[in-house]
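# Fold and geometry: a report
Chain by chain, the residues:
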Amino acid sequence: QAVVNKTCGLMDKITAKHPCFLAKEIAQTPETGGSHDVPKNVPDIPDMKKFINEDLLVNGIRCVDANADGSICFDELSKFFATKFPDLPKEHYRMIMNFLDKDGDGTVSVQELLTAMTGQDHNPGARLAMVNVCVNDHTVREPATSTPFGHTLMTKYLTLKLMRMLGSKEFLLSSQYYNDDYTVETQFVEWLAAHDPLLLEGGFIGFAPATDDPESVEYMDKYIDLCAHANIPNVFLDVNLVDNPEGTAPHMKGSLLDLSKFNARIVLQAVHKIDNMLSRKGYPDNPWREVPAKTAPAGELYVNFINVLDWLQLQPGCDPSGERADRLGEIFTELYSDKIFQRRVTAVVIEEGHGISVPGDFRSVMKWMRNFFPSDCKVPGQPNANGLVGGYRTMLHCHASHTGHEHVSTLELLEAGGDGIWASFIPDAAQFGHNNIFVFLENMLRFGNQDVWRSWNLEQAIEVARHIYFLNFNTVTVPASYHIWGSSVRSEAHTFFRTVADRGWRRRSNNFYHNWTESEIAELEKDRGTIALDSEQRRNQDRDARNDAWVANQDDRWRRVREGDYHIAPLMGNVPTIHRRLQELEIVATGRGEHGSVPNDSPAYGLKMLGFAVMAADLRANFNDPGFLEQAVAWLRDPPTGPPGSTVATWQ
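On a predicted model such as this, the values are computed, not experimentally measured, just so you know.

### Section: the overall build of the chain
Along its length, the chain carries 26 helices and ten strands. Out of the 652 residues belonging to the chain, those deemed buried represent 55%. Of the contacts made within the chain by residues no fewer than 6 positions apart, 75% connect residues no fewer than 24 positions apart.

Below, the structure is given as structure tokens:
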């Protein structure tokens with residue numbers, strides 16, 4: 001936290017001109033170069049829609065293509081633009097034509113040109129260069145599904161501050177899946193509302209729609225009330241289409257849905273209640289934003305359909321079809337037909353939660369879902385092409401696939417008419433990562449999407465990624481292989497592999513994600529070194545004698561299960577996972593309770609609650625460490641006592 005506080009202080013100085021950390025330039029210094037201009041090797045693809053009448057453009061270009069062969073000569077097209085659109089700067093349409101003239105023969109495709117200028121239909125390169133990307137930022141929450149240290153209030157607060165400095169406009173602040181258990185997820189939004197309410201702007205709270213179970217309804221109402229009382233302006237509604245095969249964890253009772261029992265009414269009941277709450281709080285009834293990257297959401301509702309691919313049983317290279325697709329299509333049609341859903345819901349989101357998709361899956365699903373959730377912009381008071389008010393952004397959250405294509409999947413979604421992603425800034429989450437904001441924005445820049453650079457403050461992005469990792473994993477050691485910001489990625493092994501150079505194909509003249517002065521870098525490195533040394537000394541001084549003995553006596557087993565088949569993320573882990581981790585460490589017996597369930601006397605129940613308490617108390621503990629787990633289980637069975645101020649007294 002000390003290191004991250006220092007970085008926040010430096011970034012405060014850089015972005016001090018704007019109260020919300022959104023300054024668009026940095027101080028002029030010899031080391032930085034000092035401006036927020038788009039880097040010279042990001043293709044300059046301008047947005048021309050503000051200059052043109054779309055109907056005139058479409059009809060006129062087709063008339064220019066007199067021989068109807070689908071391509072137009074540069075000279076003919078230049079005359080057309082000069083005559084019909086005199087306000088359109090010549091360099092704008094010339095850049096577009098040069099971008100689309102891939103074979104250099106002086107002609108461009110009619111369809112690709114219309115795509116680039118109107119956003120309708122598309123070819124991949126043109127659409128990715130032009131789309132106003134949407135990013136729903138889950139950095140405050142998502143790494144908690146992976147880290148064995150969990151989250152504290154300060155972890156979340158500093159992460160949110162860093163991401164706001166970076167230019168992020170919308171955030172998931174809290175996920176509510178804990179029913180009566182008090183966790184840091186609730187503590188954080190209560191604290192923000194009381195101490196720093198400005199940081200609630202653009203915030204979302206996430207939870208699931210209630211089933212018909214009265215207890216489930218009670219919990220959903222509780223989460224809606226929390227949203228109202230903490231003044232969180234938006235809601236992220238999780239609709240899981242495939243239930244956990246082992247059943248729902250006790251603290252998530254009634255929150256997951258099985259499509260065999262699920263109908264549109266369940267979602268619509270939640271949508272109507274949320275709409276009522278947001279209206280009472282004074283948020284607009286039609287909260288659509290024309291350019292999401294430039295403004296914060298207020299009064300918006302996102303609906304996240306989890307495991308759509310699982311439900312569809314999609315086959316590689318195939319489009320959704322058959323009885324399962326028909327059933328889900330009926331539900332989607334009913335949702336879209338609801339007037340409140342049309343005006344309150346602004347985004348329909350897809351999540352693939354297992355990492356077992358293959359390339360092409362999301363392109364197929366996106367095209368299919370657009371049949372039910374069209375992309376027409378919501379203009380207040382005016383219906384779209386279907387005669388309804390609705391129009392929906394679509395975003396993807398894709399868990400890291402076994403074949404490593406989670407980032408390509410996001411591009412496929414955009415190519416098929418999608419709008420962006422919801423994700424964390426770093427990849428760490430769940431089993432083994434997911435698509436993430438940093439790589440997504442880099443891909444957009446590679447395709448020439450300048451709007452990304454103008455909307456985000458990426459000059460310090462590498463340092464932000466590193467510090468978010470430090471916060472989550474309680475270390476100042478940087479992973480080696482992470483895209484863009486990993487230590488091995490950033491260091492050069494041979495000049496042949498150099499990607500930063502003054503000239504060359506797609507080379508960049510400098511690392512524009514790491515724009516600091518030499519003195520600032522020295523200050524950061526000094527602080528990191530101090531913390532690293534202090535941490536090592538503490539580990540050597542405070543190593544528990546019982547843990548040392550345990551390691552020495554169980555040497556072979558230690559090597560085998562230090563990572564093991566199970567790991568505990570205390571803010572996310574369920575009791576069966578915790579119990580099995582204890583079993584593989586032989587801290588508890590390997591037997592099972594009735595019908596293979598967790599025995600009622602398992603310390604896994606107590607460890608889960610201990611994790612919630614530790615995080616809310618702003619303590620850090622590695623809940624996956626064998627030595628700590630053995631000590632914690634011993635304390636649960638025989639509560640510790642100690643003098644005031646001692647470590648034992650703290651845990652007591």
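From this point, the discussion proceeds with the structure in view.
### Comments concerning the environment of Glu-185
Structurally, Glu-185 is set in helix 8 (residues 184–195). Along the sequence, Glu-185 and Ser-175 sit ten residues apart, while their C-alpha atoms lie 6.4 Å from each other. In this view, Glu-185 contacts Arg-141, Lys-156, Leu-173, Ser-174, Ser-175, Gln-176, Tyr-178 and Leu-571; residues no more than four positions away in its chain are not counted. Reaching out from Glu-185, the side chain makes a polar contact with the side chain of Arg-141 at a distance of 3.4 Å. In terms of polar contacts, Glu-185 uses its side chain to reach the backbone amide nitrogen of Ser-175, at 2.7 Å.

### Overview of the nonpolar core
Within the largest apolar cluster, 113 residues are counted, with the highest numbers of intra-cluster contacts made by Phe-305, Met-369, Phe-373, Phe-425, Leu-458 and Tyr-513. With nine residues, the single largest contributor to this core is helix 18 (residues 461–473). With residues near it in sequence (within four places) discarded, Leu-458 still touches Leu-166, Leu-441, Leu-445, Val-452, Trp-453, Phe-512 and Tyr-513. Membership of the second largest hydrophobic core comes to 18 residues, among which are Leu-582, Ala-621, Phe-623 and Val-633.

### Some points on the packing of aromatic side chains
Enumeration according to the criterion identifies 21 aromatic pairs in this entry. Considering the side-chain rings of Phe-623 and Phe-628, the 5.0 Å spacing of their centres and the 70° angle between planes classify their relative orientation as edge-to-face. Using a relative accessible area of 3% as the deciding quantity, one classes Phe-623 as buried. Over the ring of Trp-311 we find Arg-324; its NZ or CZ atom is 3.8 Å from the centre of that ring.

### Here we look at unusual backbone geometry
A positive phi angle is found at Gln-313, which is not glycine, with a value near 50°. With respect to the secondary-structure elements, Gln-313 resides in the loop between helix 11 (308–312) and helix 12 (322–337). Positive phi, normally seen in glycine, also occurs at Glu-586, with a value near 60°. The residue Glu-586 is located in the loop between helix 23 (575–584) and helix 24 (604–616) in this model.

### Digging into the pairing of strand 10 (residues 420–423)
On strand 10, burial covers both faces: Gly-420 and Trp-422 on one face and Ile-421 and Ala-423 on the other are all buried. The pairing of strand 3 (residues 134–137) with strand 10 spans four bridges and is parallel. If you follow Asn-136 over to strand 10, its bridge partner there is Trp-422. Where strand 9 (residues 393–398) lies against strand 10, two bridges are found, and the strand directions are parallel. Across the sheet, Met-395 pairs through a bridge with Gly-420, a residue of strand 10. With respect to chirality, the unit in which strand 9 leads through helix 15 (residues 406–415) into the neighbouring parallel strand 10 is right-handed.

### Focus: the packing of helix 10 (residues 264–280) against helix 12
Running from amino to carboxyl end, helix 10 crosses helix 12 at an angle of 30°, the nearest separation of the two axes being 9 Å. In this view, helix 10 runs roughly parallel relative to helix 12, as classed from their interaxial angle. Considering the relative orientation of helix 10 and helix 12, their crossing is right-handed. Between helix 10 and helix 12, the residues in contact are Ala-264, Val-267 and Leu-268 and Ile-331, Glu-334 and Leu-335, respectively. When the residues that make up the contact of helix 10 with helix 12 are grouped by side-chain class, the tally is five nonpolar, no polar and one charged.

### Here's the deal with the confidence of the model for the chain
Per-chain confidence: the chain averages 78 in pLDDT, with 71% of residues scoring 70 or above. In this model, residues 16–36 is a region of pLDDT below 50 whose contacts with residues beyond four sequence positions or in other chains number 49 contacts. A low-confidence stretch, residues 247–257 (pLDDT under 50), is modelled with 35 contacts involving residues beyond four sequence positions or located in other chains.

### Details of the environment of Leu-413
If you trace the backbone, Leu-413 turns up in helix 15. Given the relative accessible area of 0%, Leu-413 is considered buried. The spacing of Leu-413 and Ser-364 is 49 residues in sequence and 8.6 Å in space, taken between C-alpha atoms. When near neighbours in sequence (up to four residues on either side) are disregarded, Leu-413 contacts Ile-350, Phe-362, Met-366, Thr-394, Met-395, Leu-396, Gly-418 and Gly-420.

### Considering helix 8
The α-helix winds at 3.6 residues per turn, so residues separated by three or four positions along the chain end up facing the same way. In a regular helix each residue adds 1.5 Å, so twelve residues correspond to 16 Å; helix 8 covers 15 Å between its end C-alpha atoms and thus fits that length. When we look at burial in helix 8, the residues that qualify are Val-184, Glu-185, Thr-186, Gln-187, Phe-188, Val-189 and Leu-192. Next to the buried residues of helix 8 lie helix 7 (153–166), strand 4 (171–175), helix 9 (214–229) and helix 24.

### Structural notes on helix 15
In terms of residue burial, helix 15 counts as a mostly covered element, since nine of its ten residues are buried. For helix 15, the set of buried residues is Glu-406, His-407, Ser-409, Thr-410, Leu-411, Glu-412, Leu-413, Leu-414 and Glu-415. After helix 15 finishes, the residue Gly-417 shows a positive phi value of roughly 110°.

### A short note on the pattern of salt bridges
By the definition in use, this model includes 20 salt bridges. Ionic pairing is found between Lys-222 and Asp-180, a salt bridge with its closest N-O pair at 3.9 Å. With Lys-222 in helix 9 and Asp-180 in the loop between strand 4 and helix 8, the pair connects residues that are 42 residues apart, well separated along the chain. Residue classification places Lys-222 among the partly exposed positions, given a relative accessible area of 37%. Between Arg-344 and Asp-275 there is a salt bridge whose closest N-O contact spans 2.9 Å. Taken together, the positions of Arg-344 in helix 13 (residues 339–344) and Asp-275 in helix 10 put the pair 69 residues apart, joining distant regions of the chain. You'll find Arg-344 and Asp-275 in the same group, each marked buried.

Conventions adopted
- Residues numbered from 1 in each chain as written.
- Predicted model: local features only at pLDDT ≥ 70, side-chain atom pairs only at ≥ 80, totals over all residues.
- Heavy atoms only, no water.
- Helix = DSSP H or I, 4+ residues; strand = E, 2+ residues; numbered from the N terminus.
- Buried < 20%, exposed > 50% of the residue type's maximum accessible area, 1.4 Å probe, protein only.
- Contact = heavy atoms within 4.5 Å.
- Polar contact = N/O pair within 3.5 Å; in protein donor to acceptor, adjacent residues only side chain to side chain.
- Core = buried A, V, L, I, M, F, W, Y, C linked by side-chain atoms within 4.5 Å.
- Phe/Tyr/Trp six-rings, centres within 6.5 Å; stacked < 30°, edge-to-face > 60°.
- Lys NZ or Arg CZ within 6 Å of the ring centre and 35° of its normal.
- Pairing = 2+ DSSP bridges.
- Right-handed = clockwise from strand over helix to strand, strands pointing away.
- Axes fitted to C-alpha atoms, helices over the stretch in contact; angles between N-to-C directions.
- Parallel < 35°, antiparallel > 145°, perpendicular 65-115°, else oblique.
- Left-handed = near helix turned anticlockwise from the far one by under 90°.
- Nonpolar A, V, L, I, M, F, W, Y, C, P; charged D, E, K, R; others polar.
- pLDDT = per-residue confidence, 0-100.
- Expected span 1.5 Å × (residues − 1).
- Salt bridge = Lys/Arg side-chain N within 4 Å of Asp/Glu carboxyl O.

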